[in-house]
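Take a look at the letters that make up each chain.
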Amino acid sequence: MWRWSLHKKVERDPGKSPALVRILLRELEKAESEDARHVIIPLLHTLMYVLTKATGITEELHRRTYAFCTKLLTLPAPYCTIALDCAIRLKTETAVPGTLYQRLVIAEQNLTNELYPYRERVFLFVDPELVPPSVCSALLLEIEAAQGQQTPEACMRHVVSHALQAALGEACEAGVLQRKLQTSSRRALEHYFHAVVAAVEQMASEPSPSREGHLERLKEIYCSLLGPAAAAGGRCGACPSGEPPQDRLPSIPLPSPHITFHLWTSEEQLWKELVLFLCPRSQLRLSADLEALDLQGLLPDRELARASMLSTDSGIERDLPWGADEPPTPGSPEVEQARLKRKGGIKKRVWPPDILMPGSWDGPPGLHQRTGRPSGDRGLLPGVSRLHTARVLVLGDDRMLGRLARAYHSLRKRETQKFCLTPRLSLQLYYIPVLASEKPTASRRSELGELAAFLGRADPWYESIVNTLCPAIHKLAEMPLSPDTSQTVDPFILDAITYYVRMGTQPIYFQIYAVKIFLSDLSQDPAEDIFLTELKVKIQDSKFPRESLSPRRRGVAEGPGAELSVRYQKALLSHRTREVTVSLRATGLVLKALPAGDTEVSGPTHCPPTAAPETDHTCLNISVTEVVKTSNLTGRSFSTVTNTFRSANVQIQSQDQRLLTLLLDKDSCRAYRDVARFEVAPCPEPCSGAQKSKVLGLSSHQEEIERTKAKAKPLRMPINTFSGIVQ
């Protein structure tokens, strides 16, 4: 709430922005000198957000902020990572004021121009089974109300006005400028918009941009916009009508990003919406399931098509007819007749070396940043560049994240077969916890919000901004609408979402686990599924009557639970592989993928791919409710005790007639009954090993050898936070 109130004050009174920047900068310097690191990242994010929206910030304040960010580079991650990103953006903003605002609005509002063609969109997915209808209605109303005021003409006026005020400062009559822009035609507005964008982008793309040259260029645009009366004044921008200067500068709002609201229906919906974002429906030629996707740059070159010539001679030179040694002219009937049409042949495509690697999904460093153009396109396809950013935001509990993990796995698996999204799209995932019950109990909240609690422990700013939003969403959704339609209400939920998707750039990676399920019916093939947070195992009641069992088995069946055989790789500090097999009687098991306590927040499970540990270092926390049998004079008694161990791979099989029920990610829609055995291991990255072997034309035996040689990388799903994991 403090952060929201602060930003609203800047929006309503832009003249206070320089004073606010000085206060935030002084607090940052104090926190750095006192080693109060827990407030550095929140203050730095708040400062950058104010600098993006504000006008009239002096060059001295920009340079002070840039110098402070460079001092933070000596701190460990994530402080140095965030400080480096801020320093890069501030360097451009210092030389070319207004660059951050202009690029942000152009990308988020899809304003057409040639010099900055980047596009962003926020996809908001809500499952109506998990989120109350009142919350869905409140979100939809806020989004529609905000986007109804954000027309392309209004956004272009904001860009022109902000760029001129940020560069010219007090020399710009803001009120006169905004009135002139309001009365300008669409054609004139587009002309000045493209002129301002060209001036900013051309200067920002230079190796050593000149602030003085940028100011001169914008002064020309400013005088041209206000007409000869302003140009003939003593200074550029003198009010032609002689009106007294305004006490308060007019506000230039920062429009909220373009958000599309979607009700979650299936895991294929995510891929389809991303494809439609890349190419509108009017330009798509798709089959029913979007498999026949035809994108420019992804089709094989027809000049590389293979043509085989049919040989009819004996192979002896003297048997050749006279003149046969001369090759026929291209396009002759002989060549066309001898050409064979090969159906089902191998079409070899020459992809760049790293485009087939799973790690190329996240792209090279610096790709699609608001600070400038991509730093390297050598890993992209010819004629293809990553100009789109899709920010996928999901609302719900751990069950929704489990469904998102399945959609993410399906998307990555599909991309190994047909590269439609990877070369063109930067995918960012966000999560806001919202529980289904209107008044959730403490146990219910802790049960369905484990991942949100982990993110709050890892990133304190996420805890303050996002996790505290959950009860506020329910309260605001239950509030009745105001009968006074003339009174504008600040959209608190939308503002919090906007701040999160803009400033949450540091991902935390969560391991996805694959489970292979063997049912009691041997005629059915084993089922395969994945889970992200939890796998719960329950013991089913025996289907056989007690009288049909042998005396020995009857005595065993009298006790609670079932006899289980557990085989797992024990997690050792030396990272050596040690197989352990135990037989025990248990009433249930719980396999959790999230660390249990605060001491495990910075564990190796959630490292970025560049520093990802080996697969056998990834551990599950397995809790077994074991049955302990005791015999005394009064007879036989049973008690339960919970044992916990850690392992990366585990195989569990029922040894008696009782079968198992598996519940994935606490989702009742993802339950498996009558399970005799199951295996759990880290889900491998859907790599292109099979694709590579087919291209090389390897046999099935050689293909199997190649697969065993290649060590599979674990698949991790990133969820963006403000700072990542704070050590």
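Here is what the cut-offs are and how they apply
Residues numbered from 1 in each chain as written. Predicted model: local features only at pLDDT ≥ 70, side-chain atom pairs only at ≥ 80, totals over all residues. Heavy atoms only, no water. Helix = DSSP H or I, 4+ residues; strand = E, 2+ residues; numbered from the N terminus. Buried < 20%, exposed > 50% of the residue type's maximum accessible area, 1.4 Å probe, protein only. Contact = heavy atoms within 4.5 Å. Areas by Shrake-Rupley, 256 points an atom, 1.4 Å probe, with all protein chains shown as cover. Axes fitted to C-alpha atoms, helices over the stretch in contact; angles between N-to-C directions. Parallel < 35°, antiparallel > 145°, perpendicular 65-115°, else oblique. Left-handed = near helix turned anticlockwise from the far one by under 90°. Nonpolar A, V, L, I, M, F, W, Y, C, P; charged D, E, K, R; others polar. Patch = residues over 30% accessible without salt bridge, like charges linked within 9 Å, V, L, I, M, F, W, Y side chains within 5 Å. Salt bridge = Lys/Arg side-chain N within 4 Å of Asp/Glu carboxyl O. Pairing = 2+ DSSP bridges. Phe/Tyr/Trp six-rings, centres within 6.5 Å; stacked < 30°, edge-to-face > 60°. Lys NZ or Arg CZ within 6 Å of the ring centre and 35° of its normal. Expected span 1.5 Å × (residues − 1). Arc of directions from axis to C-beta.

Asks: Go over the overall build of the protein, please, and point to the residues and values.
Replies: Helix and strand counts for the protein stand at 23 helices and 15 strands. Among the 727 residues that make up the protein, the fraction classed as buried is 48%. Taking contacts inside the protein between residues at least 6 apart in sequence as the whole, the part at least 24 apart equals 78%. As displayed, the protein has an accessible area near 36900 Å², and 53% of this comes from carbon and sulfur atoms.

Asks: Please set out the packing of helix α8 (residues 152–168) against helix α9 (residues 174–183) residue by residue, giving values where relevant.
Replies: The contact between α8 and α9 brings their axes to 10 Å, and the two run at 155°. In terms of their interaxial angle, α8 and α9 are classed as roughly antiparallel. Seen from above, α8 lies across α9 with right-handed handedness. Along its contact with α8, which presents R157, V160, S161, L164 and Q165, the element α9 presents A174, L177, Q178, L181 and Q182. Of the residues in the contact of α8 with α9, the class split is 5 nonpolar, 4 polar and 1 charged.

Asks: Break down a nonpolar patch on the surface for me, citing the residues and quoting the values.
Replies: The grouping of L73, L84 and I88 at the surface amounts to a nonpolar patch, some 240 Å² of accessible area in total. As for its placement among the helices and strands, I88 is situated in helix α5 (residues 79–95).

Asks: I'd love a proper account of the pattern of salt bridges, names of residues and values included.
Replies: Throughout the structure, instances matching the rule amount to 31 salt bridges. Here R406 ties to E267 by a salt bridge, and the two come within 3.4 Å at their closest N and O atoms. One end of the pair, R406, is in helix α15 (residues 398–415); the other, E267, is in the loop between β2 (259–263) and α13 (268–278), and 139 residues separate them in sequence. Judged by its relative accessible area of 28%, R406 falls in the partly exposed class. For E267, a relative accessible area of 27% translates into the label partly exposed. Two residues, D397 and R399, come together in a salt bridge whose shortest N-O distance is 2.8 Å. R399 gets classed as buried once you look at its relative accessible area, which sits at 12%.

Asks: Which residues make up the side chain of T52, and what values do they have?
Replies: Considering the arrangement of structural elements, one finds T52 in helix α3 (residues 40–53). When sequence neighbours within four positions are dropped, the list of residues in contact with T52 reads L100, Y101, L104 and H162.

Asks: Tell me what's going on with the environment of E685, and back it up with residues and numbers.
Replies: Residue position: E685 is located in the loop between β14 (671–682) and α22 (689–696). Note: C-alpha distance between E685 and R412 (273 residues apart in sequence) is 8.1 Å.

Asks: Tell me what's going on with the sheet that holds β2, and back it up with residues and numbers.
Replies: Backbone hydrogen bonds hold the strands of a sheet together, and the pairing may be parallel or antiparallel. In space, the 4 strands of this open sheet follow the order β2-β1-β3-β4, with parallel pairing throughout. Unpaired on one side and paired on the other, β2 and β4 (425–433) mark the two borders of the sheet. Put simply, the sheet's adjacent strands are angled 20° from each other on average, direction ignored. Relative to β4, strand β3 (residues 388–396) runs parallel, the two being bridged by 9 bridges.

Asks: If you had to explain the environment of T58 to someone new, which residues and values would you point to?
Replies: Mapped onto the elements, T58 comes out in the loop between α3 and α4 (59–71). The class of T58 is partly exposed, set by a relative accessible area of 35%. Taking the C-alpha atoms as reference points, T58 and G169, separated by 111 residues in sequence, lie 8.4 Å from one another.

Asks: Describe unusual backbone geometry, listing the residues and the values that go with them.
Replies: P78 follows A77 through a cis peptide bond whose omega is 10°. Although it is not a glycine, D35 adopts a positive phi angle of roughly 60°. Inspection of the secondary structure puts D35 in the loop between α2 (17–33) and α3. For D35, a relative accessible area of 51% puts it in the exposed group. Backbone geometry places D674, a non-glycine residue, at a positive phi of 55°. For D674, a relative accessible area of 24% puts it in the partly exposed group.

Asks: Could you give an account of the packing of aromatic side chains, naming the residues involved and the relevant values?
Replies: Scanning the model with the defined rule gives 11 aromatic pairs in all. Between Y500 and F722, the aromatic rings sit 5.6 Å apart at their centres with planes inclined by 50°, giving tilted as the arrangement. Taken together, the positions of Y500 in helix α20 (residues 492–503) and F722 in the segment after β15 (716–721) put the pair 222 residues apart, joining distant regions of the chain. Ring pairing ties together the aromatic residues Y49, Y430, Y462, Y499, Y500 and F722, which thus form one cluster. Across the ring face of F518, the terminal group of R677 is positioned such that the distance to the ring centre comes to 3.9 Å.

Asks: Account for the packing of helix α7 (residues 133–148) against helix α19 (residues 469–478), with residues named and values stated.
Replies: In a packed pair of helices, the relevant descriptors are the angle between the two axes and the axis-to-axis distance. α19 packs onto α7 with a crossing angle of 80° between their chain directions and a minimal axis gap of 9 Å. Classified by the angle their axes make, α7 and α19 are roughly perpendicular. Here S134, V135 and A138 of α7 come into contact with α19, specifically with I473, H474 and A477. Residue classes in the contact of α7 with α19 are distributed as 4 nonpolar, 2 polar and no charged.

Asks: With reference to specific residues and values, describe α8.
Replies: Think of an α-helix as turning once every 3.6 residues; residues three or four places apart then point the same way. For α8, which comprises 17 residues, the first-to-last C-alpha distance of 24 Å matches the rise-based estimate of 24 Å (1.5 Å per residue) to within 8%. Most of α8 is tucked away, with 14 of its 17 residues classed as buried. Once α8 finishes, G169 follows within two positions and takes phi at roughly 65°, a positive value.

Asks: Go over α7 with me, naming the residues and quoting the values.
Replies: End to end, α7 covers 22 Å across 16 residues, agreeing with the expected 22 Å (1.5 Å per residue, within 8%). Inspection of α7 places V135, C136, A138, L139, E142, I143 and A146 among the buried residues, and these make up the whole buried set. Relative to the axis of α7, the buried residues are bounded by an arc of 165° and lie together on one face. Of the exposed residues in α7, the ones pointing more than 90 degrees away from its buried face are P133 and G148.

Distances and angles like these do not, on their own, reveal function.
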